[in-house]
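Chains, contacts and geometry: an overview
One letter stands for each residue in the lines below.
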Amino acid sequence: MWKEYGHVAARNVRQRRLRSWLTIIGIVIGMAAVVALISLGGGLRTAISAQFGSIGADKITITPKGPGFGPPGSFSTTKLTKDDLRIVRQVNGVDLAIGRVLSPVQVTDGEKSLFTFAVSVPADRESKKLVMDSLNMKIDRGRMVGKGDRLNVVVGHTVAEEEFSDPLQVRQTITLQNTTVRVVGILKPTGNFQIDDSIIILEEPMRDFLSINEREYDVIVAQILEGVEPSNVRDRIARELRNERNVEVGEESFEVSSPEQTIASLNNILLVVNAVVVGIAAISLLVGGIGVMNTMYTAVLQRTREIGVMKAVGGTRSQIITLFLLESAILGAAGGVIGVVLGVGLSQGAVIAGQAATGSALLQASISLPLLLGAMVFASFIGIVSGIWPARQAARQDPVDALRYE
Amino acid sequence: MTDTSTLIRLEDVEKIYQMGDVTASALAGASLSIYPKEFVAIMGPSGSGKSTLMNMVGCLDTPTGGKIFLEQQDISKLGESRLAQLRGQKIGFVFQQFNLIGTLTALENVALPMLFQSVSQHERRRRAAELLELVDLSERLHHRPSELSGGQQQRVALARALANDPEVILADEPTGNLDSKTEEAIMALFQKLNKDGTTIIIVTHEKTVARHAQRIIHIQDGVIVGA
């Protein structure tokens, strides 16, 4: 029965070709936007989790928390100190802890000079590995700085490739403030724009060149002993630092975070942003649904006489409702199929454009079968819901009046 | 009037339309009997109530008073869905305006009443083709109404009326939109169907049409004045 009813309904849809297409386009636009935004949002969350996942969940980061919103290294925050580092090192469960310094720095190559960040790394291998892992740093060309590299630096990917008119090369010299240093290595893109845009230098020369206080740190990174629960260690570190500074919970001038916590909060933010954006896109779906309703109401008016005939030849209310609902479902489903295809195309286009523009693979589209099927089912559902009132209107026609309708 | 052999029996049927404070009586106690295999013409001037009478007989409308029996079943109090089923199974309509569905082919138009009776697709197509052959349109199965002449459209409508093998065919001015030559051909077809055993009721105001009937029922001012 459904096949035959569908056949009659499809015939009616095709008959009003232009009007049907215009109605379908209304659904297509909404559906494409929703599918593209959901898949990009999902992809972004996956990419971010993967990025943080590569750092490892066994590292804890301690940063100053100031009254303002300044970036790390700015003066609005209370710096961490060597005493803090000593305390962190003594916390039960901490394997290794190192301090890092961040500072704005002027970099000059030939004519051009710019301000970016210098990031310190420790000289000994184990500590250096901890910093590199925690920041997802990997060498692209050349080598990492190590013991004795007083006048050598490594540059982030963006600094090397994009900031100067000619890309920086390994073994060339650049000027940091007033000191000439040699580039010995270039990093791969890390996905963190701050690191990609920074100069990596050993801690000692950095303090010298940039006149940074001996005792201050901007970040402390702690490696947790294997088999210890990160959140326990995190809480112990926070307690020890509170004791040292003599502050209560909630008054801390520092923040202790583990990657999992960061991922969770970042994911929450992304989820909310995604929900809002998809919600806005869904409004256009609503408008598309109203378009279907409008088309179906017009169809009921135009075909009043036809409805009268169908009733005269034995069509019951429910049979006529079925015919009209199938018609609106076809409009919705057609819009859903085309919209899903277009949405997938849009999200892939955005991924390609995003990679071309930023050079990072952070923007990904996560396209799953349930998403695609769900979108198509939802579009048909919108078609059916929008058709309910017009179909009831059609079925309620009095056959005598409908047959007389001009 | 209580005879059990009637196909359709009307007893004091009234139809009063209420329009605001004004009431208009379209039927004022009409009684009549129609027997199986009859060919009846209902005649009357416009406004006499013959369209209302036809709607009552055709289960399209329900009376405000009196009773209507279709094969001894009182249909005057039935609900809309039951009436639709009765129409589909027992009554075939032919209209002055043909009333074919423009988006469907001749074959699909003829098959439509069977769709509502859940006849299988194969059987629908077979029977529709057979009926179109009966009305001499086997060459036009896949034509749309707009590609057919008036006479051809009315023959498709006749084939559609026969689709569910009804007890009675109700025709409302079936030749009103046709020229006299085509009128003759359509009336000859009605006669042939009647000869084959189909009960036919034609509502008309044309004597040339009515003369094909075995019996003429006259209606005036909502009452039967001669049968």
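Residues numbered from 1 in each chain as written. Chains lettered and ligands numbered in written order. Predicted model: local features only at pLDDT ≥ 70, side-chain atom pairs only at ≥ 80, totals over all residues. Heavy atoms only, no water.

1. Considering unusual backbone geometry
All names here are of chain B. One non-glycine residue, cysteine 59, adopts positive backbone phi at about 60 degrees. Examined against the element boundaries, cysteine 59 turns out to sit in the loop between helix 1 (50-57) and strand 4 (65-70). Unusually for a residue other than glycine, glutamate 173 sits at a positive phi of about 45 degrees. Within the fold, glutamate 173 resides in the loop between strand 7 (168-172) and helix 6 (180-195). (Helix = DSSP H or I, 4+ residues; strand = E, 2+ residues; numbered from the N terminus.)

2. Remarks on the sheet that holds strand 13 (residues 254-257) of chain A
What holds strands together in a sheet is hydrogen bonding between their backbones, with the strands either parallel or antiparallel. All names here are of chain A. Across the sheet, 4 strands lie side by side as 3-12-1-13; this open sheet has antiparallel pairing. In this open sheet, the two strands that pair with only one neighbour each are strand 3 (94-100) and strand 13. On average, each strand axis in the sheet is tilted by 15 degrees relative to the strand beside it, whichever way the strands run. Note: strand 1 (residues 59-64) against strand 13, 4 bridges, orientation antiparallel. Considered in strand 13, the bridge of proline 64 is made with phenylalanine 254. Packed onto the sheet, helix 4 (residues 125-134) meets strand 1, strand 3 and strand 12 (219-224) and runs at close to 75 degrees relative to strand 3. (Pairing = 2+ DSSP bridges. Axes fitted to C-alpha atoms, helices over the stretch in contact; angles between N-to-C directions. Contact = heavy atoms within 4.5 Å.)

3. Description of the pairing of strand 7 of chain B
All names here are of chain B. Within strand 7, 4 of the 5 residues are buried, which leaves it mostly tucked inside the rest of the structure. Bridge count between strand 6 (residues 91-94) and strand 7: 4 bridges; the pairing is parallel. Looking at strand 7, one finds that isoleucine 91 is bridged to valine 168. Pairing geometry for strand 7 and strand 8 (residues 199-204), over 5 bridges, is parallel. Residue pairing across strands places leucine 170 opposite isoleucine 201, the latter belonging to strand 8. (Buried < 20%, exposed > 50% of the residue type's maximum accessible area, 1.4 Å probe, protein only.)

4. Focus: the domain arrangement of chain A
Once the domains are mapped, chain A shows domain 1 (2-52 + 263-404) and domain 2 (58-258). One C-alpha centre belongs to domain 1 of chain A, the other to domain 2 of chain A; they are set 51 Å apart. (Domains from an automatic or database assignment.)

5. Focus on the pattern of salt bridges
Tallied over the entire structure, the rule returns 27 salt bridges over all chains. Glu244(A) serves as the salt-bridge partner of Arg245(A), at 3.9 Å between the closest nitrogen and oxygen. Judged by relative accessible area, which is 21%, Arg245(A) ranks as partly exposed. The class of Glu244(A) is partly exposed, set by a relative accessible area of 33%. One salt bridge connects Glu130(B) with Arg127(B), and the closest N-O pair in it is separated by 3.6 Å. Linking Glu130(B) with Arg127(B), this pair stays in helix 4 (residues 121-134), spanning 3 residues, or about one helical turn. Judged by relative accessible area, Arg127(B) falls into the buried class, the value being 18%. (Salt bridge = Lys/Arg side-chain N within 4 Å of Asp/Glu carboxyl O.)

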